[in-house]
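Overview (structure and organization)
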Amino acid sequence: MKQVFRTLGLFLFLGMSSSFAQKLSTLTVEKIMRDPKSWIGTSPSNIYWSEDAQHIYFSWNPDKALSDSLYRYSLATKKITKVPQSERKQLPTASGTYNRMRTLKVYAKNGDIYLLDRKGNSVRQLTNTIEAESNPLFSGDEQSVIFEQGENLYSLSLTTGLLTQHTDFRAGKKKEEPKLNEEEQWLKQDQLTQFQVLKERKEKRDAGKKISEAEKPHRPKEIYLGEKRVDNPVLSPDGRFVTYRLAEPDKKAKRTIVPNYVTESGFTEDIPARTKVGAPLTSYEFWVYDVRKDTARKVSMKQIAGISDKPDYLKDYSRLDSAWKKDKERDVLVHGPYWSEDGRQAVVVVRSLDNKDRWIMALDPENLSLRLLDRQRDEAWIGGPGLGSYPMSAGELGWVNNQTLYFQSEADGYSHLYTIDVVTGQKKQLTRGKFEVQNVVLSNDKNWFYIITNEVHPGEQHLYKMSVNGGDRTRLTQGTGAHEVVISPDENKLAVRYSNSTTPWELFVMDNQPSSRPEQITKSTTDEFRSYPWREAKVVTFKAADGADVYGRVYEPKKSNGRAVIFVHGAGYLQNAHKWWSQYFREYMFHNLLTDLGYTVLDMDYRASAGYGRDWRTGIYRHMGGKDLSDHVDGAKWLVKKYGVNPKKIGIYGGSYGGFITLMALFTEPDVFKAGAALRPVTDWAAYNHPYTANILNEPQADSLAYRRSSPLYHAAGLKNHLLICHGMVDVNVHFQDVVRLSQRLIELGKDNWELAVYPMEDHGFVEPSSWTDEYKRILKLFEERLR
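**Some remarks on the overall build of the chain**
Along its length, the chain carries 15 helices and 44 strands. Taken against the 2.2 N^0.38 rule, which gives 28 Å for 788 residues, the C-alpha radius of gyration of the chain at 30 Å falls within 12% of a compact globule. If you line up the chain on its principal axes, its C-alpha atoms span 110 × 70 × 60 Å. For the chain, the residues scored as buried account for 54% of the 788 residues in total. Taking as baseline every contact in the chain between residues at least 6 positions apart, the subset at least 24 positions apart corresponds to 58%. Accessible surface for the chain amounts to roughly 36,500 Å². Of this, 49% is attributable to carbon and sulfur atoms.

Encoded structure:
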């Protein structure tokens, strides 16, 4: 059982106190954009327990080295020690698979398979090969270990050491004997009729071949893949069936390149990059190999209810709407199967590649039938905690017992926990309310769920314990902020990574009891960092024009200069108006600097941000720069009304999606924002990647209206006030080509109130302190000069 909770998609790694106490009295861009490990510190990360629950391991960098190292905390001595390399090589991995009694653990490390006896704390190496083995797990009778090597499945007997190959997948096509035409067939038969020696030799050869075939040991069926590739082979607990996927990339999908100009070779080098949205996708098939019958058959997806359902947006395009065939079978990706412990039940998760459907289905591998257990349909896109925002994710699900499956769904508008009896089909909702279940772990005895939710406040994340039957939840964490929790193997202790809005992440340990007080293990920040009185931004709500409550954070100056800056977080689906340490720590410090200068600063969880349910998540469907932008316009009006900000002295800035919103703000709402800084912005969504963009805007060739109203390139004529654009030239996420094309558009429009700063050696997320410093000096200069 995986016992790691993650409360955030991204974490900032900050660290320990410096040996020299320096006081940070006045903030400057140069000071706050220094290498964070040199003056802030490095927080502990990658937390896991020893198998005996006596030690906590974590990555840390108190010595300000080039990279983090592995450290260990002893519960007995309450001391932290650095783990030497010789010991690290011998340690079991944090991940792995346990047997049902949890006495054994099998895991892969450095391409080999190991077996850990937890009672004796002894490790047995099972393989030592050049070709890597991966994905080990126990067989249904737990007498063997199943693993993948290359593209095939193998098992290794734990008693005899016998190695058995279960699949024989082969690239290319099977070489067939040349087929004789009618003339050749007649000639061959005539030869055998006329020459007795030829006939006798053939008969002898055929008899020998028959004997050889009869004496040959049973081998798995040769399965030829052609140009397809195989993945996710799964052996049923009884060993009879192997399920697998076949994937076939479309050769017509054109990939992009990113030129790299500053290189060791002195030549411009091309970085291979992604495809663009709307490019032909990889197609998938789901197959069942019946070992007993020696047959391999494809599972038909036509039997899935709703497989031919037409998306609603096509109603805006009469030609496409009428051309949709009623029996059209949408492309899907099948995850699993996930077998019950007794091997009697198998469940698969089917995701449509247009990401508008997720089906949970019972699989009968013998007759290739699929039976519907749960369907979630979203005319926008499937997503939210525990579901996964892309078809490549199966989402959160598992077995409570041999008949009951748990999973998450946004059926009531928020991601909640459900169970279903896979035999009777009876479904039960275990949690409900206007909050989200962020993470789920089932206890070892399968009697309890440990869940992270934001039910206290959208900006807080806490751990709860709840019966598998639902009912009351017991809150286990108390501090205001967020908690990332790793449960000890015996479930008696909790290792907690905790932070609040002004304090970076630290490691704590506590008893697995609601009244337990956490004990701090690490102290990671430097004296210099702690010497500044970092502001706790006020978490607020304001009303949007459509009546929705928008959560935000306000930095209030002691004495206002009448100016304001609005920060737009990136990613779209991300949360920043919360009460824990922000992944935007540089921006947080920059906002403190602005507030020192008298600015009022606001950042908000605009429409499409994480943490607020399905309707908020999908609020930008088919119109990026719609409600997400109007939320910022309403935020600016709220600043004027609430804080007396001068409406002609409001600036806006952000990176990635935040850079996109900044462009849309200056292009389509020029009377609201006096100046803006767009960092690494998307300027044309048709040039971005497929998974993210197609979720929100569908495909450009099918929904051109959505792309035209959502792409800044089409609205650049509206630029009236001052714009700064900053972009890394080796950005493999939002390509530098985006701002090059926008620059040409602005030139052709005769605009002269913009500037472009380029960073030749930076990717999407900047790395060098010098780049961060240059970028934010330009941003500060923009606001200081243009918001006066």
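**As for the sheet that holds strand β8 (residues 122-125)**
Within a sheet, each strand pairs with its neighbour through backbone hydrogen bonds, oriented either parallel or antiparallel. Strand order in the open sheet formed by 4 strands is β5-β6-β7-β8, and the pairing between neighbours is antiparallel. Single-partner strands in this sheet number two, and they are β5 (97-98) and β8. Across 6 bridges, strand β6 (residues 104-109) lies against strand β7 (residues 112-117) in antiparallel orientation. Counterpart to Leu104 in the pairing with β7 is Asp117.

**Remarks on the nonpolar core**
One finds Ile566, Met624, Tyr657, Phe667, Phe673, Trp685 and Leu723 to be the most contacted residues of the largest nonpolar core, which totals 60 residues. With 8 residues, the top contributor of residues to this core is helix α11 (residues 657-668). Excluding its chain neighbours within four sequence positions, the residues that come into contact with Phe673 are Ile566, His632, Val633, Ala636, Ile650, Gly651, Ile652, Ala665, Leu666 and Asn721.

**Re a nonpolar patch on the surface**
On the surface, a cluster of nonpolar side chains totalling about 330 Å² of accessible area is made up of Tyr261, Val262 and Met761. The topology assignment puts Met761 in the loop between β44 (754-759) and α15 (769-786). By relative accessible area, Met761 is classed as exposed at 59%.

**Brief notes about the sheet that holds strand β33 (residues 482-487)**
Taken together, 4 strands build an open sheet; the order of strands is β33-β34-β35-β36 and the sheet is antiparallel. Edge positions in the open sheet fall to β33 and β36 (519-520), since each of these has one partner strand only. Pairing of strand β35 (residues 503-511) with β36 involves 2 bridges; the strand directions are antiparallel. In the sheet register, Val509 faces β36, and the bridge partner there is Glu519.

**Some points on the packing of aromatic side chains**
A full pass over the atoms with the stated rule returns 38 aromatic pairs. Here Tyr657 and Trp685 contribute two aromatic rings whose centre-to-centre distance is 5.9 Å and whose plane-to-plane angle is 40 degrees, an arrangement assigned as tilted. With Tyr657 in helix α11 and Trp685 in the loop between β42 (675-679) and α12 (690-697), this residue pair connects regions lying 28 residues apart in the sequence. When its relative accessible area of 1% is taken as the criterion, Trp685 is described as buried.

**Notes on the side chain of Asp603**
With respect to the helices and strands, Asp603 occurs in strand β40 (residues 600-604). Of the residues examined, Asp603 reaches a relative accessible area of 2% and is grouped as buried. Asp603 has contacts with Gly552, Arg553, Tyr555, Phe567, Asn576, Ala577 and His591, leaving out every residue within four places of it along the chain.

**Comments concerning the pattern of salt bridges**
This model, assessed by the stated rule, comprises 51 salt bridges. Two residues, Asp354 and Arg330, come together in a salt bridge whose shortest N-O distance is 3.1 Å. Linking Asp354 in the loop between β22 (346-352) and β23 (357-364) with Arg330 in the loop between α6 (318-323) and β21 (332-339), this pair joins segments that are 24 residues apart in sequence. Take Asp354: its relative accessible area is 27%, and that puts it in the partly exposed class. For Arg330, a relative accessible area of 5% puts it in the buried group. Several salt bridges converge on common partners, so that one network encompasses Asp309, Arg330, Asp354, Asp357, Arg375, Arg377 and Glu379.

**Quick look at the confidence of the model for the chain**
The predicted model of the chain averages 95 in pLDDT, with 97% of residues at 70 or higher. The low-confidence segment residues 1-20, where pLDDT is below 50, has 92 contacts with residues more than four positions distant or belonging to other chains.

**Examining the packing of helix α4 (residues 182-194) against helix α5 (residues 196-215)**
Close contact between α4 and α5 brings their axes to 5 Å; oriented N to C, the two are set at 105 degrees. Here α5 runs roughly perpendicular to α4, going by the angle between their axes. Along its contact with α4, which presents Gln191, Leu192 and Gln194, the element α5 presents Gln196, Leu198, Lys199 and Lys202. Considered class by class, the residues forming the contact of α4 with α5 number 2 nonpolar, 3 polar and 2 charged.

**So, the pairing of β21**
Counting buried residues along β21, 7 of its 8 residues qualify, which places the element largely inside the surrounding structure. Where β21 and β22 come together, 6 bridges link them in antiparallel fashion. By the bridge assignment, Trp339 is partnered in β22 with Ala346. If you look at the hairpin formed by β21 and β22, you'll find 6 residues sitting between the two strands, and Gly343 has a positive phi there, around 75 degrees.

**Quick look at unusual backbone geometry**
That bond from Gly336 to Pro337 is cis: its omega, 10 degrees, falls within 30 degrees of zero. Unlike most non-glycine residues, Lys78 shows phi in positive territory, near 60 degrees. With respect to the element layout, Lys78 can be found in the loop between β3 (69-74) and β4 (80-82).

**Quick notes on the pairing of strand β37 (residues 538-543)**
Two elements, β37 and strand β38 (residues 549-555), share 6 bridges in a ladder whose sense is antiparallel. Its bridge partner lying in β38, Lys538 is registered against Val554.

**A few points about the packing of helix α8 (residues 585-596) against α15**
Their axes nearest at 12 Å, the elements α8 and α15 cross at an angle of 35 degrees. Viewed along their axes, α8 and α15 form a crossing whose handedness is right-handed. Mapping the contact onto sequence places Arg586, Glu587, Phe590, Leu593 and Leu594 in α8 and Trp772, Tyr776, Ile779 and Leu780 in α15. Here the residues of the contact of α8 with α15 sort into 7 nonpolar, no polar and 2 charged.

**Points about the side chain of Arg351**
As for its position among the elements, Arg351 is in strand β22. Buried within the structure, Arg351 lacks any salt-bridge partner; its nearest side chain of opposite charge belongs to Asp354, at an N-O separation of 8.5 Å. Within the structure, Arg351 has its side chain in polar contact with the backbone oxygen of Leu387 (distance 2.9 Å). At 2.8 Å, the side chain of Arg351 and the backbone oxygen of Ser393 are in polar contact.

**Description of α15**
Between its terminal C-alpha atoms α15 stretches 26 Å, which fits the 26 Å expected from 18 residues at 1.5 Å a residue. Within α15, burial applies to Ser771, Trp772, Thr773, Glu775, Tyr776, Ile779, Leu780, Leu782 and Phe783.

Reading the values: rules and limits
Residues numbered from 1 in each chain as written. Predicted model: local features only at pLDDT ≥ 70, side-chain atom pairs only at ≥ 80, totals over all residues. Heavy atoms only, no water. Helix = DSSP H or I, 4+ residues; strand = E, 2+ residues; numbered from the N terminus. Rg over C-alpha atoms; globule rule 2.2 N^0.38 Å. Buried < 20%, exposed > 50% of the residue type's maximum accessible area, 1.4 Å probe, protein only. Contact = heavy atoms within 4.5 Å. Areas by Shrake-Rupley, 256 points an atom, 1.4 Å probe, with all protein chains shown as cover. Pairing = 2+ DSSP bridges. Core = buried A, V, L, I, M, F, W, Y, C linked by side-chain atoms within 4.5 Å. Patch = residues over 30% accessible without salt bridge, like charges linked within 9 Å, V, L, I, M, F, W, Y side chains within 5 Å. Salt bridge = Lys/Arg side-chain N within 4 Å of Asp/Glu carboxyl O. Phe/Tyr/Trp six-rings, centres within 6.5 Å; stacked < 30°, edge-to-face > 60°. pLDDT = per-residue confidence, 0-100. Axes fitted to C-alpha atoms, helices over the stretch in contact; angles between N-to-C directions. Parallel < 35°, antiparallel > 145°, perpendicular 65-115°, else oblique. Nonpolar A, V, L, I, M, F, W, Y, C, P; charged D, E, K, R; others polar. Left-handed = near helix turned anticlockwise from the far one by under 90°. Lys, Arg positive; Asp, Glu negative; His and termini not counted. Polar contact = N/O pair within 3.5 Å; in protein donor to acceptor, adjacent residues only side chain to side chain. Expected span 1.5 Å × (residues − 1).

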